[in-house]
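A structural walkthrough
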Amino acid sequence: MHRRRFLQLSVAAALAANIQARHAYAAILGAANTVSADVNAISGDGAEVTLKRSAVQELGDSLRGNLLLPGHEAYEEARHVLNPSIDKHPALIVQPKGVADVRNAVDFARESSLLVAVKCGGHSSSGKSTCDGGMMIDLSLLRSTRVDPTRRIAQVSGGSWLGDMDHDTMAFGLVTTAGTVSHTGVGGLTLGGGFGRLARRYGLAVDNVRGVELVTADGRFVRAYPDENPDLYWAVRGGGGNFGVATNFEFQLHPMQRQVIGGTVGFPLEQAKDVLNFYAEYSATAPDELYIDAGVVSRPEKFTGAFLHVCYSGDPAQADKYLDPIRKAGTPMFDEIKAVDYVALQKSGDISDPRARGAYLKSGFVEGISPALVDTLLEGFEPNPERGMAVVWQHAGGAIGRVAPDAMAFAHRGISHDTLFIMDWAMGIDATPHIEWLRSYFATVAPYTRGFYTNDLSDESQAAVNKNYAGNYERLVQIKNQYDPTNLFRLNANVVPTV
């Protein structure tokens, strides 16, 4: 029951069963052979533009990958993201097969002043990886992982999923922090920070980035490494997709045994206060090798109660010492904690519910969980048969906090937990009152938070986004001015250029 488990039970799971087939289907069909008419589109600032048939045809002819237009079967599949309540229609979709394709797509979008969305795993719950009327750059065909076990590094293509990386690195007894859902895109997760089950031990995904290759807004292929474009290297590690399309990541790997101890223990809702107060104290003193999530959940016809989810990657001989108190935090309704293959644990929640369910979420970082925060959270928690609801605390601290806030763009180093409010509903109902309820509920907890995870960007104002970059904001603006002065890449936690 990690920070994404309940989102998987709704949005991710609704599409995950078909997600592999979708990508394969689009690749097999390929692009339409001819462009039959001009294409109506939208610019980055919302103006209507007309793309000449000949220009769109020229773009398609320049690609080794696919150009998909409305009406093409592969387009209909490719335009979707994991949250089915997001139903947008790009004017065209480019599926690059290499850097040259990405450059051609970016050049075309810039010269046409198009609105641009970049999709990797499609996990943006607010739909930042798609758009109406613009260009979607769908990286689903740009997937590979190359491991150098001697140097303990991995080269991972920008469209890869976390499961791709976990599978290949763990084969050599090596790992790096890689989220908690295997079909999450490496690019989106990493550029925004990258929490995961190993982050307390090895740092965020972004802390393990040795370098990034990307295509910037002017169509250049640029390497961002400590000794090569160091300003950009600083910015992309937490600055999200503001600076270009990432085509490759170089990650530092760490040796780790394949078997860990992980899983979930659930408790009755009436024990939630005691369980969460135990968690607040216990998680604050846990060793780096112990990762614990906690929260409350209401799933109609499934489970309503409190839970603790763990991943222990330390010395197996010490496991009972650290896990027994977790099992005794209350009277368990179920206990699924056991020895498990790490890669299997990473996949454990990918496909849990075949129904198509929409979702809405809010998030906020906290620097310690007080009894007052626990009380406020539980007082506002309202099970409802029309919605699934979870409040999840993801465990931070450890190695995450041993990096200076200005060492890279990700500034939130003093946090103890990320608080995630996740709601889902069956498609077809009016979700408006439920979304309004969640906003009101989150507002009661917001005073306890300090910033939010940019990868969970919802409907925050631009002022809130700016403030969230904290002391790194001004430097990010300067780098944005240099690499994307026209704000081509704006569908993200946007750093607005000032030139």
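In case you missed it, the structure is sitting above this.
Predicted model, so just to flag it, every value in this text is computed and none were measured. The residue numbering used here restarts from 1 in each chain and proceeds along that chain's sequence as written. Given that the model is predicted, a residue must reach a pLDDT of at least 70 before its local features are reported, and side-chain atom pairs must reach 80 or more before they are shown or counted; all residues, however, enter totals for whole chains, interfaces and linings. Side-chain measures were taken over the full set of non-hydrogen atoms in the model, leaving aside hydrogen atoms and water.

Glancing now at the overall build of the protein chain. Looking only at helices and strands, the protein chain features 15 helices and 21 strands. Here the radius of gyration uses the C-alpha set of atoms, whereas the globule reference equals 2.2 Å times the residue count to the power 0.38. Its C-alpha atoms give the protein chain a radius of gyration of 22 Å, near enough to 23 Å, the size a compact globule of 499 residues would have. Expressed along its principal axes, the backbone C-alpha trace of the protein chain runs to roughly 70 × 55 × 40 Å. The buried share of the protein chain, reckoned over its 499 residues, is 62%. Residue pairs at least 24 apart in sequence account for 75% of intrachain contacts in the protein chain once pairs closer than 6 positions are excluded. The averaged location of the 55 negative side-chain charges in the protein chain is 3 Å from the averaged location of its 46 positive side-chain charges. Note on conventions: DSSP H or I runs of at least 4 residues are helices, E runs of at least 2 residues are strands, and numbering of each starts at the N terminus. Burial classes follow relative accessibility: with a 1.4 Å probe on protein chains only, a residue under 20% of its type's maximum area counts as buried, one over 50% as exposed, and anything between as partly exposed. Residues count as neighbours in contact if any of their non-hydrogen atoms are within 4.5 Å of one another. His is not counted, nor are the chain ends; Lys and Arg add positive charge and Asp and Glu add negative charge. Note that the charge is assigned to NZ on lysines, CZ on arginines, CG on aspartates and CD on glutamates.

The next point concerns the pairing of strand β4 (residues 92–95). Two faces, one strand: in a regular strand the side chains alternate between the faces of the sheet. Alternating residues of β4 divide into L92 and V94 and I93 and Q95, and every residue in both groups is buried. Pairing geometry for β4 and strand β6 (residues 135–138), over three bridges, is parallel. The partner of V94 across the bridge, within β6, is I137. Between any two strands, pairing holds if DSSP finds at least two bridges.

Our next topic: helix α13 (residues 432–445). One less than the residue count of a helix, multiplied by 1.5 Å, gives the span that helix is expected to have. Compared with an ideal rise of 1.5 Å per residue, which puts 14 residues at 20 Å, α13 spans 21 Å between its outermost C-alpha atoms and is within 8% of the ideal. Among all positions in α13, only H434, I435, W437, L438, Y441, F442 and V445 are buried. In an axial view of α13, the angular spread of the buried residues amounts to 155°, which keeps them on one side of the axis. The elements touched by buried residues of α13 are β19 (357–366), α12 (371–380), β20 (387–395) and β21 (417–426). Our arc is simply the arc of the directions from the helix axis toward the C-beta atoms.

For this analysis, a ring pair means two rings from Phe, Tyr or Trp (six-membered ring only for Trp) whose centres lie within 6.5 Å, classed as stacked if their planes differ by under 30 degrees, edge-to-face if by over 60, and tilted for the remaining angles. Counting across every chain of the model gives 13 aromatic pairs. On the numbers, 4.8 Å between centres and 90° between planes, the contact of F195 with Y453 is edge-to-face. On the criterion of sequence distance, the pair formed by F195 in the loop between α6 (186–192) and α7 (199–202) and Y453 in the loop between α13 and α14 (462–468) is long-range, its members being 258 residues apart. There is no split in this pair, since F195 and Y453 are both buried. Clustering of aromatic rings is evident, with ring pairs tying together F195, F365, F410 and Y453. Above the ring of W161, the side-chain terminus of R143 is found at 3.9 Å from the ring centroid. In this structure, R387 is placed above the aromatic ring of W437, and the distance from its NZ or CZ to the ring centre is 3.7 Å. A ring is scored as having a charge over it whenever the NZ atom of a lysine or the CZ atom of an arginine sits within 6 Å of its centre and within 35 degrees of its normal.

Turning our eyes to something else, we now look at the sheet that holds strand β12 (residues 245–252). Backbone-to-backbone hydrogen bonds pair the strands of a sheet. The strands run either parallel or antiparallel. The strand order β7-β8-β12-β10-β11 describes an open sheet built from five strands, whose pairing is antiparallel. Edge positions in the open sheet fall to β7 (145–148) and β11 (221–224), since each of these has one partner strand only. Each strand axis lies, on average, 15° off the axis of its neighbour in the sheet, ignoring direction. The convention used is that axes are lines fitted to C-alpha atoms, helices contributing only their stretch in contact, and that angles between N-to-C directions extend from 0 to 180 degrees. This element, helix α5 (residues 162–170), spans β7, β8 (153–157) and β12 of the sheet and lies at about 30° to β7.

Position of G203 among the secondary structure elements: in the loop between α7 and β10 (209–215). Along the chain, G203 and G193 lie 10 residues apart, while their C-alpha atoms are 9.8 Å from each other. Ignoring sequence-local partners within four residues, the contact set of G203 consists of T177, L198, N208 and A399.

All right, on to the sheet that holds strand β5 (residues 116–119) then. Across the sheet, four strands lie side by side as β3-β4-β6-β5; this open sheet has mixed pairing. Where the open sheet ends on each side, the last strands, each with one partner, are β3 (66–68) and β5. When strand polarity is set aside, the average angle formed by the axes of neighbouring strands in this sheet is 20°. Strand contacts of helix α2 (residues 53–62): β3, β4 and β6, with the helix running at about 145° to β3, the strand carrying the most contacts.

With that settled, consider helix α9 (residues 272–285). With 14 residues, α9 should cover 20 Å at 1.5 Å per step; its first-to-last C-alpha distance of 20 Å lies within 8% of that length. Looking only at α9, the buried set comprises A272, V275, L276, Y279, A280, Y282 and S283.

In this section: the pattern of salt bridges. We define a salt bridge as a contact between a side-chain nitrogen of Lys or Arg and a carboxyl oxygen of Asp or Glu at a distance within 4 Å. The tally for this structure, following the rule as stated, stands at 21 salt bridges. Among the ionic pairs, R413 bridges to D207, the shortest N-O distance being 2.6 Å. Placement of the pair is R413 in the loop between β20 and β21 and D207 in the loop between α7 and β10, with a sequence separation of 206 residues. Among the residues examined, R413 registers a relative accessible area of 5% and is labelled buried. Residue E213 pairs with R223 through a salt bridge whose shortest N-O separation is 3.3 Å. Residue E213 is located in strand β10, and its partner R223 is located in strand β11; the two are separated by 10 residues in the primary sequence. Given a relative accessible area of 17%, E213 falls into the buried group. Exposure remark for R223: the relative accessible area of 30% places this residue in the partly exposed category.

By the secondary structure assignment, L68 is in strand β3. Accessibility expressed as a relative area gives 0% for L68, which makes it buried. With 269 residues separating them along the chain, L68 and I337 place their C-alpha atoms 45 Å apart.

Okay, the side chain of D138 next. Residue placement: D138 occurs in strand β6. For the buried D138, which has no salt bridge, the nearest side chain bearing the opposite charge is K119, at an N-O separation of 4.6 Å.

Any functional reading would require information beyond the geometric quantities listed.
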